[in-house]
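Residue-level structure breakdown
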Amino acid sequence: MLKVGVAMRILFVLFIFYTLNLYAEQRYELNRGISLLNQSSGQTIDIQPEQNLQFEIAGEGSWFYRLRVFNSDGTERAGDFISAKSNIDNGFVYASLLDQYAQAAEAISQGGDPPSSPDCPPNGERDNGTISENCQIPGTDAEWQAKCEQLYSSNIPEDALNYALKVMKLNATSFRTNKCFDSQGLKQSNHPSMMGMTGDQLENGLLANGLPNKCQMVINDTDDRSPSSGGDNCRGRMYYIDLCQGSDAVVVEDYFNLGTGTCRSGRNGFRNGDGLHTTVKGAFFTHNEAFDFTNTTTQTSQYNAVARQVQNAGGPRRASAVHLFGLQNTNNLASITGKYMHVSPHRSSWGCPSIKPENYYMIESLANSGPSLVLNWGREGMEDIETCTE
Amino acid sequence: MYRIIFVCFLFSFNSWADCFSYKMKPYKVIRKSASQVIIASAKDSELSSLFFCSMKEKVFVCHGDDDSGSFKLDDKRIKFTSDVILGVPDGPSEVIQFKEAKSIELKACTK
């Protein structure tokens, strides 16, 4: 009786492997759009069901499937394509069935019972080893995307992270969030912060192929007020993110200064106006050259001291600053009102997201690899980024 | 036509070039360069802000950095378009209220 049971199990396993083999040669079609990474070229491409492409699963890694891609006429596309398992499971016809068979075969070969249904994470939980859609950004590779996924384990509020990644994705290959950013005017090109650049050069030159810097970005959480502000509520939590240094995602947490119009009297809220000393919410792109904040202020002696601090910390002898271009109706006066990201000796600002002098390298890095993304985020009052996106 | 525009521009620019600072009690309006203006408190020289200006329709339109406010300026009049703030964050500051000072005649001009 025991031998019959063992034989039945072996037959069942053989049947499963036979079935798997059939599916391995099975071609699949899409039931929704997915992103593919071509590892040969490093390019990410978005594929829609209407393109009538077909796919074969040629292998798998911990979080991805390796795919062969066929055009509608049957010819195979050249390249080394991979895509996240979550994509395939949800986007391929039969793909989840394939996974279910694989799990059944593994369970049986280990002497257990086959699972009654595929393991799915409960709603809202993240499945380790998968890459969320937000992290599947054109122009990034698998390593970048894996580090991006690590950010969801950091202290960055998930909604803020999602917002920032959405801005990055929308503008990954062309400048699409261009409907609101210069409607209120930008600084003149002869201003010390503009380094000779015009709005046209920004839009059609620096950003012509989308946001260049996908390595470093800054997210400022305007809701998380640091106790180090001296009790006057004027410091928020800053996250400096680097997805290109080291083997893991780098997240540096520190403070940024809020505008006194927002944090002291509070009467001006986050209004996007002039002479209000407000912090403004929304997404910004930076200039690609840093400048010396000493040249734009009458606080010369204070900022000369800051420049020495920066130099002593290993940086250039200047009060590092970078121009911010607000992309939304909630922050598009930032350029003309001179709300820069800069190092500061103060415990508050007049609307600039200023940071401590030792963090000068963040500004220099955002500028040198820029334009880069800076986000002033809050749970309330964020404009839908699509409103300003074509 | 171009000559007329050029002469108008020269006239406008020269009227600025002849005059480096103005009295606007109790403040001083100091033209630092062709495109930079400092407004300072007459009582406390530490209370000041730097503004950057560009010519638009024969009038200089000036914006302060670090959200210090904005105004329009010609050689006779300053017209505030928002509150203007002098001073520094975390330090003493002085606000020239937009509502109370929408348009102020520049009384005198000194070099």
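Procedures and definitions
- Residues numbered from 1 in each chain as written.
- Chains lettered and ligands numbered in written order.
- Predicted model: local features only at pLDDT ≥ 70, side-chain atom pairs only at ≥ 80, totals over all residues.
- Heavy atoms only, no water.
- Pairing = 2+ DSSP bridges.
- Helix = DSSP H or I, 4+ residues; strand = E, 2+ residues; numbered from the N terminus.
- Contact = heavy atoms within 4.5 Å.
- Axes fitted to C-alpha atoms, helices over the stretch in contact; angles between N-to-C directions.
- pLDDT = per-residue confidence, 0-100.
- Core = buried A, V, L, I, M, F, W, Y, C linked by side-chain atoms within 4.5 Å.
- Buried < 20%, exposed > 50% of the residue type's maximum accessible area, 1.4 Å probe, protein only.
- Disulfide = S-S within 2.5 Å.
- Salt bridge = Lys/Arg side-chain N within 4 Å of Asp/Glu carboxyl O.
- Buried area = accessible area lost by both parts, 1.4 Å probe.
- Polar contact = N/O pair within 3.5 Å; in protein donor to acceptor, adjacent residues only side chain to side chain.
- Nonpolar A, V, L, I, M, F, W, Y, C, P; charged D, E, K, R; others polar.
- Phe/Tyr/Trp six-rings, centres within 6.5 Å; stacked < 30°, edge-to-face > 60°.
- Lys NZ or Arg CZ within 6 Å of the ring centre and 35° of its normal.

This part covers the sheet that holds strand β10 (residues 291–292) of chain A. Residue and element names in this part refer to chain A. What the 3 strands build is an open sheet, ordered β10-β11-β13; its pairing is antiparallel. Each edge of the sheet is formed by a strand with only one pairing partner; in this case those strands are β10 and β13 (341–342). Where helix α9 (residues 360–368) meets the sheet, its contacts fall on β11 (320–322) and β13, and the angle it forms with β11 comes to roughly 40°.

Turning our attention to the confidence of the model for chain B. Residues and elements named next belong to chain B. Summarising the model, chain B shows a mean pLDDT of 78, and 77% of its residues fall at 70 or more. Of all the helices and strands in chain B, helix α1 (residues 2–17) carries the lowest mean pLDDT, 46, while strand β8 (residues 84–87) carries the highest, 92. Taken as a whole, residues 4–14 scores under 50 in pLDDT and shows 5 contacts with residues more than four places along the chain or in a different chain.

All names here are of chain A. Core analysis: the largest hydrophobic core is formed by 38 residues, its most contacted members being Leu165, Met217, Ile219, Phe285 and Leu373. Residue assignment for this core shows that the elements contributing at least two residues are α4 (142–150), α5 (158–170), β6 (216–225), β7 (235–242), β9 (282–286) and β14 (373–377). When residues of this core are assigned to their parent elements, the largest contribution, 8 residues, is made by α5. The contacts of Leu373, once residues within four sequence positions are left out, are Ala164, Val167, Leu211, Met217, Val218, Ala283, Phe284 and Phe285.

All names here are of chain A. In this structure the tally under the stated criterion is 5 disulfides over all chains. By sequence-ordered numbering of the bonded cysteines, chain A has its disulfides arranged as 1-2, 3-8, 4-6, 5-7. The closest cysteine sulfur to the non-disulfide-bonded Cys352 is located on Cys263, 13 Å from its own sulfur. For Cys352, a relative accessible area of 0% corresponds to the buried category.

Turning next to the sheet that holds β7 of chain A. Residue and element names in this part refer to chain A. The 6 strands lie next to each other as β8-β7-β6-β14-β9-β12, forming an open sheet whose pairing is mixed. Each of the sheet's edge strands pairs with one partner strand only, and the pair in question is β8 (250–257) and β12 (324–326). With direction set aside, neighbouring strand axes in the sheet form an average angle of 25°. One ladder, built from 5 bridges, connects β6 with β14; its direction is parallel. Looking at the pairing, Asp221 lines up with Trp377 of β14.

A few words on the pattern of salt bridges. Residues and elements named next belong to chain A. What the rule picks out here adds up to 12 salt bridges over all chains. A salt bridge links Arg68 to Glu76; its shortest N-O distance comes to 2.9 Å. The exposure class assigned to Arg68 is partly exposed, which follows from its relative accessible area of 33%. For Glu76, a relative accessible area of 40% corresponds to the partly exposed category. Within the structure, one salt-bridge network assembled from shared partners comprises Glu56, Arg68 and Glu76.

The next subject is the interface of chain A and chain B. Interface size is commonly expressed as the accessible area that is lost once the parts come together. Counting residues at the interface gives 31 residues for chain A and 23 residues for chain B. When chain A packs against chain B, close to 2,100 Å² is buried across both sides, 50% of that on carbon and sulfur atoms. Summed over the three residues of chain A that lose the most area to chain B, namely Asp274, Thr298 and Trp350 of chain A, the buried surface amounts to 35% of that side. The interface formed by chain A and chain B includes 3 salt bridges. Between Asp65 of chain B and Lys187 of chain A there is a salt bridge, and its shortest N-O distance comes to 2.8 Å. Viewed at the interface, chain B and chain A are joined by 18 residue pairs in polar contact (both at pLDDT 80 or more). Partitioning the side of chain A that touches chain B into residue classes produces 7 nonpolar, 19 polar and 5 charged.

This next bit is on the side chain of Ser68 of chain B. Take Ser68 of chain B: it is sitting in the loop between β5 (59–64) and β6 (70–73). Among the residues examined, Ser68 of chain B registers a relative accessible area of 4% and is labelled buried. There is a polar contact of 2.8 Å between the side chain of Ser68 of chain B and the backbone oxygen of Asp65 of chain B. Here Ser68 of chain B is in contact with Gly275, His277 and Trp350 of chain A together with Ser49, Phe51, Asp83, Val84 and Ile85 of chain B, once residues within four sequence places are set aside.

A separate point is the pairing of β8 of chain B. The alternating pattern of β8 of chain B places Val84 and Leu86 of chain B and Ile85 and Gly87 of chain B on opposite faces, both of which are buried. Where β8 of chain B folds back on strand β9 (residues 93–96) of chain B, the antiparallel hairpin that results is connected by 5 residues, among which Asp90 of chain B adopts a positive phi of roughly 65°.

Looking now at the packing of aromatic side chains. Residues and elements named next belong to chain A. Under the criterion given, the structure shown has 9 aromatic pairs over all chains. Considering the side-chain rings of Phe293 and Tyr340, the 6.2 Å spacing of their centres and the 75° angle between planes classify their relative orientation as edge-to-face. You can see Phe293 sitting in the loop between β10 and α8 (300–312) and its partner Tyr340 sitting in the loop between β12 and β13, a full 47 residues away along the chain. An aromatic cluster is built from Phe291, Phe293, Tyr303 and Tyr340, whose rings are joined through pairwise contacts. Arg235 extends its terminal NZ or CZ atom over the ring of Tyr255, reaching a point 3.7 Å from the ring centre. Between the NZ or CZ atom of Lys281 and the centre of the ring of Phe270, over which it lies, the distance is 4.2 Å.

Right, let's talk about unusual backbone geometry for a bit. The omega torsion of the bond from Gly370 of chain A to Pro371 of chain A falls at 0°, within 30 degrees of zero and hence cis. For Asp66 of chain B, which is not a glycine, the phi torsion comes out positive at approximately 55°. Within the secondary structure, Asp66 of chain B sits in the loop between β5 and β6. The backbone of Asp67 of chain B sits at a positive phi, close to 60°, despite the residue not being glycine. Considering the arrangement of structural elements, one finds Asp67 of chain B in the loop between β5 and β6.

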